[in-house]
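Inside the fold
Residues per chain, in single letters:
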Amino acid sequence: MAKFSAPKNSEQRLAIELRKVARIVGGIVAAHVNGDKITDPKKLALALASYSEALGPWGDAVVAKIMVGIQGNNQRAWAQMSTAIGKELKSTMAESAVGAVARQLQRDQVELIKSLPLEAGLRAQKLEQEAMMGGERAGSVAAELARTTEVTEARATLIARTEIAKANSSLTQARAQYVGVTHYYWRTAEDGDVRDSHIDMNGGEFRFDDPPEVEGEGRHGPGEIYNCRCFAEPNV
């Protein structure tokens, strides 16, 4: 079977890079916190906003390299499935169409990377406000503020897993639309982490332009929701 699943090393590479960002974000917050208090909220907000903007060019370079790997893997999968389709997808027009999708995916991922510092800042402000209003004890708020790196790392890992699978699914669909393939089979990672609702979808045949209803999640395709590693296997 052609390997239409997202390359695991792409997710790992992005997660490693984003966890570096998380550690820097944690350091910025720690430098502006004293116990359960933010020493200067405006300075903290400015520092995190400045770091967010600085992440733009860096994130663009990181994501661009990873997208090359995902695109190459996806193109090889199509070529393994059909020699004729593989050749057609190497045309200038095909690569232009798929390239437009890849560029939008890249822009979206960079914006998510830039959101990491901003989300951490909002979380810190919310925790301090809860302490001031008496909703939380000072000790527990201080402990939560100290967990900024941990919480941001968890968010970074979620972004890596979700966005790599989403990118892979989007590229598969873009190439399918170009060559006129309308249907796919839903495939899971076939391990113990697969949601029960996605196990129920495994092997089902669906249209690319008409995503199925997934129990408790609404309508979406494989790899298009948080923490989903499922993928579409085109029915050629």
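Everything discussed here concerns the structure shown above.
The subject of this paragraph is the overall build of the chain. Counting its secondary structure elements, the chain contains seven helices and seven strands. The N-to-C order of helical and strand elements in the chain reads α-β-β-α-α-α-α-α-β-α-β-β-β-β. Its C-alpha atoms give the chain principal-axis dimensions of roughly 65 × 35 × 25 Å. Expressed as a percentage of its 236 residues, the buried residues of the chain come to 44%. For the chain, restricting intrachain contacts to residue pairs at least 6 apart in sequence, the fraction spanning at least 24 positions comes to 76%.

What follows deals with helix H1 (residues 8–31). A rise of 1.5 Å per residue sets the reference length of H1, with its 24 residues, at 34 Å; its end C-alpha atoms lie 35 Å apart and thus fit the reference within 8%. For H1, the full list of buried residues reads Ser10, Glu11, Leu14, Ala15, Leu18, Val21, Ala22, Val25, Gly26, Ile28 and Val29. Where H1 is buried, its residues contact strand E1 (33–34), helix H2 (41–81), helix H4 (92–132) and helix H6 (148–179).

By the element assignment, Arg175 lies in helix H6. Since its relative accessible area comes to 1%, Arg175 is described here as buried. Each residue touching Arg175, except ones within four places of it in the same chain, is listed here: Gln71, Asn74, Gln75, Trp78, Leu89, Glu95 and Val98.

Our next topic: the packing of H1 against H4. The N-to-C vectors of H1 and H4 enclose an angle of 30°; their axes lie 10 Å apart at closest approach. Relative to H4, the element H1 is oriented roughly parallel. For H1 against H4, the interelement crossing comes out right-handed. On the side of H1, the interface is formed by Leu14, Leu18, Val21, Val25 and Val29, while H4 contributes Gln109, Ile113, Leu116, Pro117, Ala120 and Ala124. Looking at the contact of H1 with H4, its residues break down into 10 nonpolar, one polar and no charged.

Cut-offs applied
Residues numbered from 1 in each chain as written. Predicted model: local features only at pLDDT ≥ 70, side-chain atom pairs only at ≥ 80, totals over all residues. Heavy atoms only, no water. Helix = DSSP H or I, 4+ residues; strand = E, 2+ residues; numbered from the N terminus. Buried < 20%, exposed > 50% of the residue type's maximum accessible area, 1.4 Å probe, protein only. Contact = heavy atoms within 4.5 Å. Expected span 1.5 Å × (residues − 1). Axes fitted to C-alpha atoms, helices over the stretch in contact; angles between N-to-C directions. Parallel < 35°, antiparallel > 145°, perpendicular 65-115°, else oblique. Left-handed = near helix turned anticlockwise from the far one by under 90°. Nonpolar A, V, L, I, M, F, W, Y, C, P; charged D, E, K, R; others polar.

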